[in-house]
Amino acid sequence: MKTFVRAGALSLLLATTIAAPAALAQAAPPAAESMFRATTLNLSAYGETRVAPDMATINLGVNTEAPTASAAMAANATQMNKIFAALRRAGIADKDIQTSGLNLNAQYDYVENNPPRLRGYQATNQVTVTVHDLARLGSAVDATVSAGANQVNGISFGLNDPTAAENAAREDAVKALSDKANLYARATGYRVGRLVTLSEGGGYTAPPPMPMMAMARMEKDSATPVAGGELRVRVDVTGLYELTR
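Residues numbered from 1 in each chain as written. Predicted model: local features only at pLDDT ≥ 70, side-chain atom pairs only at ≥ 80, totals over all residues. Heavy atoms only, no water.

Draft legend 1. The overall build of the protein chain, seen in detail. Regarding its fold elements, the protein chain presents five helices and seven strands. Secondary structure elements in the protein chain, listed N-terminal to C-terminal, are α-α-β-β-α-β-β-α-β-α-β-β. Residues classed as buried in the protein chain amount to 31% of the 245 residues present. Of the contacts formed within the protein chain by residues at least 6 apart in sequence, a portion of 85% connects residues at least 24 apart. Accessible area of the protein chain: about 15,600 Å², with a carbon and sulfur share of 57%. (Helix = DSSP H or I, 4+ residues; strand = E, 2+ residues; numbered from the N terminus. Buried < 20%, exposed > 50% of the residue type's maximum accessible area, 1.4 Å probe, protein only. Contact = heavy atoms within 4.5 Å. Areas by Shrake-Rupley, 256 points an atom, 1.4 Å probe, with all protein chains shown as cover.)

Written out as structure tokens, the structure is:
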């Protein structure tokens, strides 16, 4: 009789132990349960605005050759000092002139069936110039070429302060996102309940430099014409909406 009672107690203990994990597994967290019950839309949209640039950067420099390395560098330094002076006279501040490349390379002549023959050395000095007043851009380029610059590699336009253009693009992006959410909601028989999350990507990016050919003007009252056109400022947004009936 005692053995029978112990066996019954053991069976009851095992049943209780097995039933407890099963009950825990069936009880889902409230947050997860509400997530699965909600109908959501995950959408993306963008806003774009166009604005005229108000600044530009140009890359220019001097390439000199001489029989010796020191002579090539000395000739290059003389020309670069003239270019710096010309830029200052054109109204470009020192803080807007930055050396972007300095190279010295040996130059060889190659003749078939003969070893290379050293011809001399080539020195190259490149500067990146930021022009905040586009009205000065053409005359600044001409001034540097007149002063001895023999390389003008590219020009890119930008904005001194892109905040206003970015904010306009943001407003367009959010409106486009909201319109898209309402369209999907109507098409599926729902209505937009609330915006759950919103994230932003993109923004103003200066376009890459464009090749530019520049030649010094002989006329004193004429400058190289440069057109800035328009810049596109784009902002991308992604939003998660909860829909309701």
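Draft legend 2. Main features of the environment of Glu242. Structurally, Glu242 is set in strand β7 (residues 231–244). The class for Glu242 is partly exposed, based on a relative accessible area of 22%. C-alpha of Glu242 to C-alpha of Leu195: the two residues are 47 residues apart in sequence and 6.4 Å apart in space. There is a polar contact of 2.8 Å between the side chain of Glu242 and the side chain of Arg194. (Polar contact = N/O pair within 3.5 Å; in protein donor to acceptor, adjacent residues only side chain to side chain.)

Draft legend 3. Spotlight on the side chain of Thr49. Looking at where Thr49 falls in the secondary structure, it is placed in strand β1 (residues 39–51). Residues in contact with Thr49, not counting those within four places in the same chain, are Ala165, Ala168, Ala169, Leu231, Arg232 and Val233.

Draft legend 4. Focus on the nonpolar core. One finds Ile58, Leu60, Ile83, Val129 and Leu137 to be the most contacted residues of the largest nonpolar core, which totals 26 residues. Within the residue set of this core, elements represented by two or more residues are β2 (55–66), α3 (69–89), β4 (117–131), α4 (137–146), β5 (151–158) and β7. In terms of residue count, the dominant contributor to this core is α3 (five residues). Those residues in contact with Ile83, other than ones at most four positions away along the chain, are Leu60, Val62, Thr144, Ala147, Gly148 and Ala149. Formed by twelve residues, the second largest nonpolar core is a distinct cluster that contains Leu177, Ala185, Val235 and Leu243. (Core = buried A, V, L, I, M, F, W, Y, C linked by side-chain atoms within 4.5 Å.)

Draft legend 5. Summary view of a nonpolar patch on the surface. Where nonpolar side chains cluster on the molecular surface, the patch consists of Met73, Leu102 and Leu104 and spans about 250 Å² of accessible area. When you line up the elements, Met73 lands in helix α3. (Patch = residues over 30% accessible without salt bridge, like charges linked within 9 Å, V, L, I, M, F, W, Y side chains within 5 Å. Salt bridge = Lys/Arg side-chain N within 4 Å of Asp/Glu carboxyl O.)

Draft legend 6. Broad picture of the packing of aromatic side chains. Counting across every chain of the model gives one aromatic pair. When the centroid spacing of 6.4 Å and the interplanar angle of 50 degrees are considered together, the rings of Tyr108 and Tyr110 count as tilted. A relative accessible area of 39% means that Tyr108 is categorised as partly exposed. Looking at Tyr110, the relative accessible area reads 65%, which means it is exposed. Against the face of Tyr46 rests Arg234, its NZ or CZ located 3.8 Å from the ring centre. (Phe/Tyr/Trp six-rings, centres within 6.5 Å; stacked < 30°, edge-to-face > 60°. Lys NZ or Arg CZ within 6 Å of the ring centre and 35° of its normal.)

Draft legend 7. Local environment of the sheet that holds β4. With respect to topology, four strands assemble into an open sheet ordered β3-β4-β2-β5, the strand pairing being antiparallel. Strands at the two margins of the open sheet, each flanked by one partner only, are β3 (97–109) and β5. Each strand of the sheet is rotated relative to its neighbour by a mean of 15 degrees, with strand direction disregarded. In this sheet, β4 lies alongside β3 in antiparallel orientation, the contact comprising twelve bridges. Note on β4: the bridge partner recorded for Gln98 is Thr128. On the sheet, α4 packs against β2, β4 and β5 and is oriented at approximately 5 degrees with respect to β2. (Pairing = 2+ DSSP bridges. Axes fitted to C-alpha atoms, helices over the stretch in contact; angles between N-to-C directions.)

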